[in-house]
Each structure stands twice: as structure tokens, then as C-alpha cells.
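Here is how the chains run, residue by residue.
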Amino acid sequence: MDSRVSELFGGCCRPAGGGAGGALRGRGGTAPGGGGGSSKAKKKNGRSRGGKANNPPYLPPEAEDGNIEYKLKLVNPSQYRFEHLVTQMKWRLQEGRGEAVYQIGVEDNGLLVGLSEEEMRASLKTLRRMAEKVGADITVLREREVDYDSDVPRKITEVLVRKVPDNQQFLDLRVAVLGNVDSGKSTLLGVLTQGELDNGRGRARLNLFRHLHEIQSGRTSSISFEILGFNSKGEVVNYSDSRTAEEICESSSKMITFIDLAGHHKYLKTTIFGLTSYCPDFAMLVVSANTGIAGTTREHLGLAMALKVPFFIVVSKVDLCSKATVERTVKQLERILKQPGCNKLPLLVNSDDDAVTAAQQFAQSPNITPIFTLSSVSGENLDLLKVFLNILPPLTNSKEQEELMQQLTEFQVDEIYTVPEVGTVVGGTLSSGICREGENLVVGPTDDGKFLRLKVCSIQRNRSACRVLRAGQAATLALGPFDRSLLRKGMVMVSPEMNPTICSVFEAEIVLLFHATTFRKGFQVTVHVGNVRQTAIVEKIHGKDKLRTGEKAVVCFRFIKHPEYLKIGAKLLFREGVTKGIGHVTDLQAITTKENGLEESLGPGQLSF
């Protein structure tokens, strides 16, 4: 796929040719093999499947792993059976990191049998008792009729089980917000997080801006974070009913952290840094209905695909356009998504049922791309996006999370602040391990490749105090009197037991996505690897003298300023003007810590024990 992503960059994309097949629209477009299966459960589809009137509809067979559980019925279980069911629910919740989906009326092999009204009522009562036992709430997502071989109406019910929040252990998903300048990204986030519709002149976005020039121009130039919570019953928790971020965290079982990125081409390096450094789980590409795919839209789409970040699309400002204009923009998006560089299957969301299906299919299949059409002024279809975000499951399961937490501590430094009466504060993401308040770590590499000792004085997550930080979570750490001038973006804070690999020279296998002429030795590019962003010079191209657009090679780079902390296998993205390329790190010419040593002789304020 990587070599074809180049079609989305540098204006070199071929005109859309329509692609094969139509876009998925609503229930009729459920992709085979997904967990939603809404189209197969419909009465008419149950009778037409395979051309046979009574051929029963199926979901995919139940998986032993994952957070989806099939139950035929849960009517008056014995005490022993009830305890077994509760243990099973704990397992599913653990697999879904606090969330599970129960399909009631479905056999383990996926056959949609359905239950009568009385049986379904009794089953839901038992499910509610099970949820209470494990400290969770249940929400009915949808009900569907199944009558493939019966005159009596029978139903299956899809239920979301979510744990009640406990000590900030909510499920946290990060969503990067992409799109062209003036497409309505900040306004949409303002409406979602503040709970009030926009006035049509951008009032909703004012609370998101961080600088005066952003308020004056109306354009985002920096990275800002906004939070949207959902409680255990699936209800929205935002600033409309909570005065502070701390209250939102306390009331939420699931948190969506939006990373608002810049749309203007002038701030592209900031947008790339936000995508590579903050490790978003998903990306939301916002497209204005009245302008369509314009400006940096195609480039942002290409960035999300190059970094393999799953994305969904929001067509905004539908209140300004006629229905025909909105349809034209959607068709334009469908053509782009279906061409060879993308190979995506668009799913247009028009109802709550579509939103549930889209959330489940999106997490299970990398090819599905949900499309929402909404307005931040009238509020049209805004609830569909909220339903989608509420049900959207995490990409990693509990086992992967546990493995990360068992590794040594590694925290990426993305932001640096000085806070009065607190001292130096760093913001970033914990890549691995566990970080506790009062823990001693080392930070580096400095310009001369050394690591400095420091102490974590306090931790804040989503603007509220937190004593323990776990792998994958973003937070700010207070470092007390540690000298801010010794820190820079791109550093890492690691456990003293770790032997960090730092280097100035490294090799990467790359694909040149776009270059006007030829890419040669001596060419300088800005390299992005995780939270590292630095200019590097091309030292050598293995096996070739030069590269042209679309060609692959192993290239040796050398950082021109100072060494950096890199890992083999890390995703790499480089750019210089219109030149762009992607790849992964394959080899490091490491500078060991024994050569550089750990900085022992620290000046006043650098050591905070």
C-alpha cells in the first residue's frame, strides 16, 4: 500500500475514476465478516439470503477473545450458572478495557434465533443483575426482528455493557482532527465539548484557541486538546453540565480526547508532529460541504494513510448547501476513497442503526470508512456522531495493554511549560511501563548525548490529579525546580535501569512519495519519528545513486544538530517543501550510554530528590 499512498501527495494524484462498486450506505452496506450484522438480521434480508425463502441469517461465529459475547437467552439461571455468567462478563469487560457488547438471541455459531417479548424481557433483567454484580451499567443499542422460519415475531437485542468509572480508570481514546483550513474543525469540537450549537460565525470555537492571533484570524496554528466524556449509561458528559475537566473525568467511563490540528499548509509541520508524536487511535477528517476536497484535505488524508491511522470523515456545514451540493461532495469523497491509493469502502451514516454498525465495522475492518454529514449550526446529524464515538471500541485489547505496562518506563516529552508555584512541567505520552508520583527517572538525550536525573513531583491527566500513569495514557508531569532550559521536545524520560539507544546516524527503508526531480546524497529533509523532529542529511542511498517518485530504497540519514532516541521499526516520515517520503527505521549506529555516561555532576535545581 505504501507505494500507492503517493497518489495522495504533492498534487500528483490522478483524477478520480469512479472506482469499482458503490459506496456502502446504511444497513444494506454492512461488510461481510463484521460484528454488527444489521443487514442480515432484517426481516426482508432473512428471507432473501442466498435466494432461499427460509435460509437463516448468521453473524460471524463468536470469538473466544474480544469483547463481543453471544447469548441465546438468560432466563432464570441457577445460582451456579449466574456466577459463571458474571465471571464471563468480567472477562469480556477486561478484553474491551471496560466495555463489552452482548448480542441476546444469538447462538454461539452466529445463528440469529431471536426471542419472544417475554423471554427478551427476562434475559435483559438477568443481564442487568450481572452488570450490577461487576459494577457496570447496560444500554440497549438496538433491537431487530428475525422471523426467517416462524410466524411469531422474534427479536434479537444488542446491548452495551460499560463499567462505572473508578479512580480515573476510564477508557481513553485519542482522535486527531484533520482537514483543510476553514472546514469547521475547531467549531465542531467546540460544539461537541461545550454542548452548545454555533451561531454561524464561529462562536463555538473561541474556547479552543490558545493564542490571540488565532482568535483574530479564526485559524488554528497550534495543537490543542479537548475532551468529551460518556458515562456508564452512554450519556454525553461535557462542559454543558460540568464546570471543570476534573468533573468530566469523575463522571465518565469513556473519554474521547480530541487533538485539534492546524489546517493551513503553513502549519503543516505542526500537524505532522501532532500525528506522529501524540499517537492518536483514530483520525477524524473534516471536509466542508460547500468547498469539497480542497487545499490540504488530500494531503491530510495521505498522512493518515501513510501513518496507518484509521480515519472516518465528517462532511460539515451542510446547512450552507443544497442537498445536491452535499451529495456531490460525498460522491467526490467516495471516488477518492475507492481509488487504488486508498482501497477504502465508504459507509454513509444516516441513522442510529448505521452509526452502531459503522462503529463496530470500523474497528474490525481497516477498509471501512464511515462518512457523516452534519451541521454545527443546526445540529443536524450531530447525535449520530455522538452515538458512533460512544460505541467506538479501543484498538488494543487488555493483553497488549498488560504487556506494555510490564516494560520499563518510557515517557515522550512533547510539550514543556513553566507554571508559577509548580515549576517545570512536561506534557506527553507514556509509551510503556507505569509512572508513579515521586518516581525517579532520567531524561535525555541532551545536545552532548547525556541523560539527567530528575524526580516526578506530581501527575495530572486531563487536567485533574492522578497518582499512577499507565502505558498509552497522555499526561503532564511536574518536575519541580528542574531547569527548563535543559529540556526540549523530542526527549524521553526513562527508567534509570533502561539502557537507552541514542544515535546521530541511522538507516531507514523508505518510499519516496513525491519529489520534483531526483533524491540524492546530500539532500536535507526534516525527519519525523514519533516525537522526534529534526533536520537530517542523506549520507548514502544503498544500491542506487538517486531516487525518483515512487521508488524504494534503504537510506542512511545523519541528524545535523544532536543525537536522538530512536527504536528499530519506528515509523518515519520526512519532508522538505513538496518532497515527502515514508518508511521505517531499520538500523541504528548507536552511541551507548557507557560512551556518554549518565550525568552525575548536576548543578543546582537539576536534581530533585
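Since this is a predicted model, take the numbers as computed values, not measurements. Here the residue index of a chain counts from 1 through its sequence in written order. Owing to the predicted nature of the model, reporting of local features is limited to residues with pLDDT of at least 70; listing and counting of side-chain atom pairs is limited to 80 or more, with chain, interface and lining totals taken over all residues. Working from all heavy atoms in the structure, the side-chain values ignore hydrogens and water.

**Student:** With reference to specific residues and values, describe the pairing of strand β5 (residues 154–163).
**Tutor:** Burial status follows relative accessibility: with a 1.4 Å probe on protein chains alone, a residue under 20% of its type maximum counts as buried, one over 50% as exposed, and anything between as partly exposed. Helix and strand assignments come from DSSP, with helices taken as H or I runs of at least 4 residues and strands as E runs of at least 2, each series counted from the N terminus. Of all 10 residues in β5, seven are buried, a share of seventy percent or more. For two strands to pair, DSSP has to find at least two bridges joining them. Summarising the sheet, strand β3 (residues 99–104) and β5 pair through six bridges and their orientation is antiparallel. Following the sheet pairing, E99 is matched in β5 by R162. Two elements, strand β4 (residues 136–146) and β5, share 10 bridges in a ladder whose sense is antiparallel. Looking at β5, one finds that E143 is bridged to T157.

**Student:** Now, about the packing of helix α5 (residues 185–194) against helix α12 (residues 382–391): what can you tell me, with residues and values included?
**Tutor:** To obtain each axis, a line is fitted to C-alpha atoms, and for helices this fit is confined to the stretch in contact; angles are then taken between N-to-C directions over 0 to 180 degrees. Orientation of α5 relative to α12, taken along the N-to-C sense of each, is 75°, at an axis distance of 12 Å. Accordingly, the angle class assigned to the pair α5 and α12 is roughly perpendicular. Contact residues: L188, V191 and L192 in α5; L382, L385 and K386 in α12. When its residues are assigned to classes, the contact of α5 with α12 shows five nonpolar, no polar and one charged. These descriptions rest on fixed angle ranges, namely under 35 degrees for roughly parallel, over 145 for roughly antiparallel, 65 to 115 for roughly perpendicular, and the rest for oblique. Note on contacts: a residue pair qualifies if any of its non-hydrogen atoms lie within 4.5 Å across the two residues. Polar here means any residue other than Ala, Val, Leu, Ile, Met, Phe, Trp, Tyr, Cys and Pro, which are nonpolar, and Asp, Glu, Lys and Arg, which are charged; Gly is therefore polar.

**Student:** I'd love a proper account of the pattern of salt bridges, names of residues and values included.
**Tutor:** By definition, a salt bridge exists where a carboxyl oxygen of Asp or Glu is found within 4 Å of a side-chain nitrogen of Lys or Arg. Evaluation of the coordinates by the stated rule reveals 18 salt bridges. One salt bridge in this structure joins E117 and K155, with 3.8 Å as the shortest N-O distance. Taken together, the positions of E117 in helix α4 (residues 117–134) and K155 in strand β5 put the pair 38 residues apart, joining distant regions of the chain. Since its relative accessible area comes to 24%, K155 is described here as partly exposed.

**Student:** Can you lay out the nonpolar core for me, pointing to particular residues and giving the numbers?
**Tutor:** To form a nonpolar core, buried Ala, Val, Leu, Ile, Met, Phe, Trp, Tyr and Cys residues must be joined to one another through side-chain atoms within 4.5 Å. With 39 residues, the main nonpolar core has L178, L261, L275, F311, I313 and V315 as its most contacted residues. Breaking this core down by element, the ones donating at least two residues are β6 (171–179), α8 (268–277), β10 (282–288), α9 (297–306), β11 (311–316), α10 (323–338) and β24 (502–514). In contact with F311, not counting residues within four places along its chain, are A283, L301, A304, M305, L337, K344, F362, T369 and P370. Of all hydrophobic cores here, the second largest spans 36 residues; its members include V349, A358, L374 and F388.

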